[in-house]
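Inside the fold
Listed below, chain by chain, are the residues.
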Amino acid sequence: MPFSRSDYSPISPAKSYLALRPAPIPSSRYPTTAIAMPYFKTSTEWYEQSSLLLKARPTTTRITSKYTVLKPTPSKIKKRQKYLDKQAAKLADPSRTSSPPPSSAQNPEEPTTTFALKTYDPESGTCLQYETTKAAEVGRLIGSLGRLGRHMAALPEVLEDLSAPAEGTGLATPRIEDDIKVGGMGEGKAGGTGGGGGGGKKKKKGKK
Amino acid sequence: MTQEHLSNNEFFTQLANLFEHNRKKGHGSVYLTQKRMAFDTEGYPPSPTKVADDPLWDTHPENPLPIIIRASNNKSDKRPGTDRKDIDKIKLSTIVQPDQLDAFYVRYAEACRAGMSGLKKRDKKKGKKDKKKKKRGTAVETKG
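Figured I'd write up the structure that's included with this text. (Residues numbered from 1 in each chain as written. Chains lettered and ligands numbered in written order. Predicted model: local features only at pLDDT ≥ 70, side-chain atom pairs only at ≥ 80, totals over all residues. Heavy atoms only, no water.)

**Considerations on the overall build of chain A**
The helix and strand inventory of chain A stands at 7 helices and 3 strands. Scanning chain A from its N terminus toward the C terminus, one meets helices and strands in the order α-α-β-α-β-β-α-α-α-α. In chain A, buried positions account for 38% of the 208 residues. Sequence separation of 24 or more characterises 74% of the internal contacts of chain A that already satisfy a separation of 6 or more. Surface accessibility of chain A: about 11,800 Å² in total, with carbon and sulfur atoms responsible for 59%. (Helix = DSSP H or I, 4+ residues; strand = E, 2+ residues; numbered from the N terminus. Buried < 20%, exposed > 50% of the residue type's maximum accessible area, 1.4 Å probe, protein only. Contact = heavy atoms within 4.5 Å. Areas by Shrake-Rupley, 256 points an atom, 1.4 Å probe, with all protein chains shown as cover.)

Laid out in structure tokens, this is it:
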């Protein structure tokens, strides 16, 4: 698939990384434009912007993922306890029976766990971020890391589209088959397209 | 900075240890980084003329390049009054060749999913609240 910038929404903050590149002097040490460091609301948006950035600056851009488990501070524990008490009081109040019961009685001392992704290019100062707390997303995010890794390795993108759905959907059984396919992909394109074509279609449906 | 790069297999064992270490401790972070391996490989660093001729030289290299994956924990120092202990920084790195990239990431995803056990599990109670919504949800799932 050829790289076309028109595919992406014009409001996105980092739509033209190629334009950010200083054309005549390749060794500019300082960012020439305003530094963009947004947190994206969806992982797809993060992925799309990161892949644009990687296309423009494949050598300097790095992706850092951080998995962190934080114990809450004493003040945070107090705050949570207060909130729980409040919720309990609300439930006990007979005039408010219509309100739904609290979905999860959280232990106030439970640690905060997050998984954050950061695409950073030191030359332009661009920093694209995404953060999640859901375990269900990890597989998909690592899948996108793999696809972005292909950009870094300067591997052709066509193959990437084919191998992507199998990793992205997180199905347990076809994974092994795909692994084999992926392994053999270096030699023949034809085998890859035959196996992956259906997968590509599937993913599009799921997205919508 | 003379640390040796691990083989991919060794890296996964060490990464699992790193996550296990994090789990035992109950708090702390695991950092994972990936980047193009542009140096110490054949043909790099590029000749100055190449750079002068084409400022976008690195967007279309002749051959696929390997990428480097790094993993580390957070160093921590002992602090009185808390249960914090002295923990040395553990650093791992491995180089993934372009032809092994996809296979590597399949394993990588599995290792991370297994390791990041502290994240929130899918909330199943939500679907049960509204039966209509649940039905719709399953219908969509089977379609897709």
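Read on for the rest.
**What about the overall build of chain B?**
Assigned secondary structure in chain B consists of 5 helices and 3 strands. Order of helices (α) and strands (β) in chain B, N terminus to C terminus: α-β-α-β-β-α-α-α. Residues classed as buried in chain B amount to 36% of the 144 residues present. Within chain B, contacts between residues at least 6 apart in sequence are counted, and of these 70% link residues at least 24 apart. Approximately 9,700 Å² of chain B is accessible, and the part contributed by carbon and sulfur atoms is 52%.

**Here we look at the packing of aromatic side chains**
On inspection of all chains with the given rule, the structure shows 7 aromatic pairs over all chains. Centre to centre, the rings of Y67(A) and F19(B) are 5.8 Å apart; their planes meet at 70°, and the pair counts as edge-to-face. Here F19(B) lies in helix 1 (residues 8-25) and Y67(A) lies in strand 1 (residues 62-70), a pairing that spans two chains. As far as the burial class goes, Y67(A) and F19(B) line up, both buried. Between the aromatic rings of F11(B) and F12(B), the centroid separation amounts to 6.0 Å while the plane-to-plane angle is 70°, which identifies the pairing as edge-to-face. Like F11(B), the residue F12(B) is buried in the burial classification. An aromatic cluster is defined as three or more aromatic residues linked by ring pairs; in this entry it consists of F11(B), F12(B), F104(B), Y105(B) and Y108(B). (Phe/Tyr/Trp six-rings, centres within 6.5 Å; stacked < 30°, edge-to-face > 60°.)

**Some words on the sheet that holds strand 1 of chain A**
Pairing is antiparallel across the open sheet formed by 6 strands, whose spatial order is 3(A)-2(A)-1(A)-1(B)-2(B)-3(B). Across the chains shown, the open sheet's two edge strands, defined by having one partner strand only, are strand 3 (126-132) of chain A together with strand 3 (91-96) of chain B. Here the strands of the sheet are splayed against their neighbours by 15° on average, with no regard to which way each runs. Pairing of strand 1 of chain A with strand 1 (residues 28-36) of chain B involves 8 bridges; the strand directions are antiparallel. Paired with T64(A) across the two strands is T33(B), which belongs to strand 1 of chain B. Across the sheet, helix 2 (residues 43-56) of chain A lies against strand 1, strand 2 (112-121) and strand 3 of chain A, angled at about 155° from strand 3 of chain A, the strand it touches most. (Pairing = 2+ DSSP bridges. Axes fitted to C-alpha atoms, helices over the stretch in contact; angles between N-to-C directions.)

**Quick look at the pairing of strand 1 of chain B**
Residue and element names in this part refer to chain B. In terms of residue burial, strand 1 counts as a mostly covered element, since 7 of its 9 residues are buried. Sheet topology places strand 1 next to strand 2 (residues 67-73); 7 bridges connect them, and they run antiparallel. Residue pairing across strands places T33 opposite R70, the latter belonging to strand 2.

**Side note on the pattern of salt bridges**
Enumeration according to the criterion identifies 6 salt bridges over all chains in this entry. The shortest N-O distance in the salt bridge between D77(B) and K75(B) comes to 2.9 Å. Connected via shared salt-bridge partners are R57(A), D121(A) and E123(A). (Salt bridge = Lys/Arg side-chain N within 4 Å of Asp/Glu carboxyl O.)

**Observations concerning the nonpolar core**
In globular proteins that are soluble, nonpolar side chains generally tend to be buried together. Grouped together as the largest cluster of nonpolar side chains are 41 residues, with contacts concentrated most on W46(A), F115(A), I142(A), L15(B), Y105(B), Y108(B) and M116(B). Leaving out residues up to four positions away in the same chain, Y108(B) has contacts with I142(A), L145(A), F11(B), F12(B), L15(B), L32(B) and I69(B). (Core = buried A, V, L, I, M, F, W, Y, C linked by side-chain atoms within 4.5 Å.)

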